[in-house]
Structure formats: C-alpha cells, structure tokens
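# Residue-level structural notes
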Amino acid sequence: MSWEKQERLPNGRFGSKKVEATKKVPKKVKKAKSQFINILLDRSISMSSVKYETQLGFNKIVNDTYKTAIKEKVKTYWGFSEFGNPYNESYMFSTEHLSPIEYNPEDTSTALYDGIGYIIKQIDHYLTEVPKDTNVVLIIQTDGEENSSKKHSAEGIKALIEDRRNKGWNISFVGAGNFSSVQKVSNSIGIFTSNTLNYTADRFGTTTAFNKMSDATTNYTRAVSKGETKNIDFFGI
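What comes next concerns the included structure. (Residues numbered from 1 in each chain as written. Predicted model: local features only at pLDDT ≥ 70, side-chain atom pairs only at ≥ 80, totals over all residues. Heavy atoms only, no water.)

## Remarks on the overall build of the chain
- Broken down by element type, the chain carries 5 helices and 8 strands.
- The linear arrangement of helices and strands in the chain, starting from the amino end, is β-β-β-α-β-β-α-β-α-β-α-β-α.
- Residues counted as buried form 46% of the 237 residues belonging to the chain.
- At a minimum sequence separation of 6, the contacts of the chain that also span at least 24 residues come to 72%.
- Element-wise, carbon and sulfur atoms account for 51% of the exposed surface of the chain, whose accessible area totals about 13100 Å². (Helix = DSSP H or I, 4+ residues; strand = E, 2+ residues; numbered from the N terminus. Buried < 20%, exposed > 50% of the residue type's maximum accessible area, 1.4 Å probe, protein only. Contact = heavy atoms within 4.5 Å. Areas by Shrake-Rupley, 256 points an atom, 1.4 Å probe, with all protein chains shown as cover.)

This is the structure in structure tokens:
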C-alpha cells in the first residue's frame, strides 16, 4: 500500500513523492499467569482439638495468597477436600474461606490414601475449567498415619503422584510427628523430602505449620509470576 506525499523539490517547487506504507506491528499481549491451589485436610477425630487453629490456618493461606496474587497479577483458583472414615467424598471448587460448618472433625479414622486419590480425581476434572497452562499445587495435611483406606494403596497413590508431578504439579505433604517418620510416609507415596513438612500436633504446632504453608504458597505465587516454578522445592522457596 502507498500514498502521495507533498514535499518541496530541489527547484523550489512543490511536487509529490510516492511513499510506501509501513505495516503496524501488533503489540504482544503478555500471557496471564494462573495457579490452581488445592488443600486436602485431615478431619479425623484427633483433629478436633485443633479445629479452630486449622480453620484459621486455612483461611490465612487463602488471604495471604490472594494478596500476593493480586500484587503479582496471578489468577488463582482454589480447591478443598477432606478425608476421614467413613469416607465422605466432598470437594469445593473456588473456595474462599473455610467455615466451622465446612470443616468439622468427626469420630473417624484416617483414610489418607482414599482422600488423596479422590482429590487428584477432582483436580483432573476441574482442570478443564481453568486455563490450559495453569500451575497446579496440592498440599496434603494429616496428623496421623493411614489406617483405613479401602479404594487405594500406597503403591497406587505413589503412581498417581509421580504421574501428576511429571505433568508439572507441585505436591507437598504436611504431617504430624518427628521428621524421620513423616518423611518415611511422604516418600512412600512419591513425595520428595524437599516438599515435606513435619509439625507437632498441638495448638501451637498446628498454627506454626499453617503459617509455613502460607509462606510457601505466597512464595510459590511469586514464582508463578516470574515463570520459575519448574522443579521448585515447595518449602524451600
């Protein structure tokens, strides 16, 4: 495409000169960053003594992460589930805050493997409702060891976790007890030591654990903003 441009010629007269139009280069639109954070909570009877601290801790994770996500311009989706026995399959997508009604420990044992298998299934489903390149986080919390799962085994859960990690998921394990025993459980289901956190199962220990989870989640959000989430150590960011 061209047009005639009027300009002064060497003889002092005005004339026209053909000028070729230049194509406008469209500005590159910066791709939006997004993350899908899922938290699996133990709701067995032993958690009843720290119900209040667990609820506050969960809500702290949500609040602190949202503040960071807004600042870093990271779209954040939430998922929440809990496990016990009899196993109650419940999952909430786009959770904002956890109320006492939504988290109420009952007289149940610890169906840890079944809880993990269920939330992974739900995450797979809801991934169809978020952007394709969304970063996935799964935090698994328990104050006890597996003792009552009927649908899944340690070997089966390990295979699921390793498969999802190969797809880019960041999966971590938070357990009560000394580090060596908690590490043994997390490693048995395919979770790296660097993504393992232990705590003391009392009010102070529970609060401290959720504070560390909140710090890790907000730091991960910053990493999402920078595009630096590959092979990241969740609790070592």
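## Notes on the nonpolar core
- Ranked by internal contacts, the top residues of the largest apolar core, which has 28 residues, are Ile 39, Leu 41, Phe 58, Ile 139, Val 174 and Met 213.
- Mapped onto this core, the elements with two or more residues apiece are strand 3 (33-42), helix 1 (51-72), strand 4 (74-83), strand 6 (135-142), strand 8 (196-199) and helix 5 (203-226).
- The greatest single-element share of this core, amounting to 7 residues, is contributed by helix 5.
- Among all residues touching Val 174, those that are not within four sequence positions of it are Ile 139, Ile 140, Gln 141, Thr 142, Leu 197, Tyr 199, Ala 209, Met 213 and Phe 235.
- With 27 residues, the next largest nonpolar core counts Phe 83, Tyr 91, Leu 112 and Phe 173 among its residues. (Core = buried A, V, L, I, M, F, W, Y, C linked by side-chain atoms within 4.5 Å.)

## Digging into the environment of Ile 232
- Mapping Ile 232 onto the fold places it in the segment after helix 5.
- Judged by relative accessible area, which is 16%, Ile 232 ranks as buried.
- When the C-alpha positions of Ile 232 and Asn 170 are compared, they lie 7.8 Å apart, and in sequence the two are 62 residues distant.

## What about helix 1?
- Helix length check: helix 1 (22 residues) gives 32 Å between terminal C-alpha atoms against 32 Å at 1.5 Å per residue, within 8%.
- By the burial criterion, the buried members of helix 1 are Glu 53, Thr 54, Gln 55, Gly 57, Phe 58, Asn 59, Ile 61, Val 62, Thr 65, Thr 68 and Ala 69.
- Contact partners of the buried residues in helix 1: strand 3, strand 4 and helix 5.
- Lys 73 sits one or two positions beyond helix 1 and adopts a positive phi of about 60°. (Expected span 1.5 Å × (residues − 1).)

## Here's the deal with the packing of helix 1 against helix 5
- For the pair helix 1 and helix 5, the least separation of the axes is 9 Å and the interaxial angle reads 20°. Judged by the inter-axis angle, helix 1 sits roughly parallel to helix 5. Considering how the two elements wind past one another, helix 1 and helix 5 form a crossing that is right-handed. Residues Glu 53, Thr 54, Gly 57, Phe 58, Lys 60, Ile 61, Asp 64, Thr 65, Thr 68, Ala 69 and Glu 72 of helix 1 touch helix 5, and the partners they reach there are Arg 203, Thr 206, Thr 207, Phe 210, Asn 211, Met 213, Ser 214, Thr 217, Thr 218, Thr 221, Arg 222 and Ser 225.
- The residue makeup of the contact of helix 1 with helix 5, split by class, is 5 nonpolar, 12 polar and 6 charged. (Axes fitted to C-alpha atoms, helices over the stretch in contact; angles between N-to-C directions. Parallel < 35°, antiparallel > 145°, perpendicular 65-115°, else oblique. Left-handed = near helix turned anticlockwise from the far one by under 90°. Nonpolar A, V, L, I, M, F, W, Y, C, P; charged D, E, K, R; others polar.)

## What to know about the packing of helix 2 (residues 112-126) against helix 3 (residues 154-166)
- Contact geometry for helix 2 and helix 3: axes closest at 10 Å, N-to-C directions at 30°. In terms of orientation, helix 2 and helix 3 fall into the roughly parallel class. Where helix 2 crosses over helix 3, the two elements pack in a sense that is left-handed. Together, Tyr 113, Ile 116, Gly 117, Ile 120 and Asp 124 of helix 2 and Ala 154, Ile 157, Leu 160, Ile 161 and Arg 164 of helix 3 make up the contact between the two elements.
- Grouping the constituent residues of the contact of helix 2 with helix 3 by class yields 7 nonpolar, 1 polar and 2 charged.

## Section: the pattern of salt bridges
- This model, assessed by the stated rule, comprises 7 salt bridges.
- One salt bridge connects Arg 43 with Glu 106, and the closest N-O pair in it is separated by 3.0 Å. One end of the pair, Arg 43, is in the loop between strand 3 and helix 1; the other, Glu 106, is in the loop between strand 5 (91-93) and helix 2, and 63 residues separate them in sequence.
- Taking relative accessible area as the criterion, Arg 43 reaches 2% and is therefore assigned buried.
- Asp 163 is the partner of Arg 164 in a salt bridge, and the nearest nitrogen-oxygen pair spans 2.7 Å.
- Connected through salt bridges with shared partners, the residues Asp 124, Asp 163, Arg 164 and Lys 167 form a single ionic network. (Salt bridge = Lys/Arg side-chain N within 4 Å of Asp/Glu carboxyl O.)

## Topic: the pairing of strand 3
- In terms of burial, strand 3 is a largely internal element, 9 of the 10 residues being buried.
- Inspection of the sheet shows strand 3 paired to strand 4 by 10 bridges, in the parallel sense. Bridge assignment links Ile 39 to a residue of strand 4, and that residue is Phe 80.
- Sheet topology note: the strand 3/strand 6 ladder contains 6 bridges and is parallel. Pairing of Ile 39 across the sheet is with Ile 139, part of strand 6. (Pairing = 2+ DSSP bridges.)

Fair warning: the whole summary comes from geometry, so function is off the table for now.
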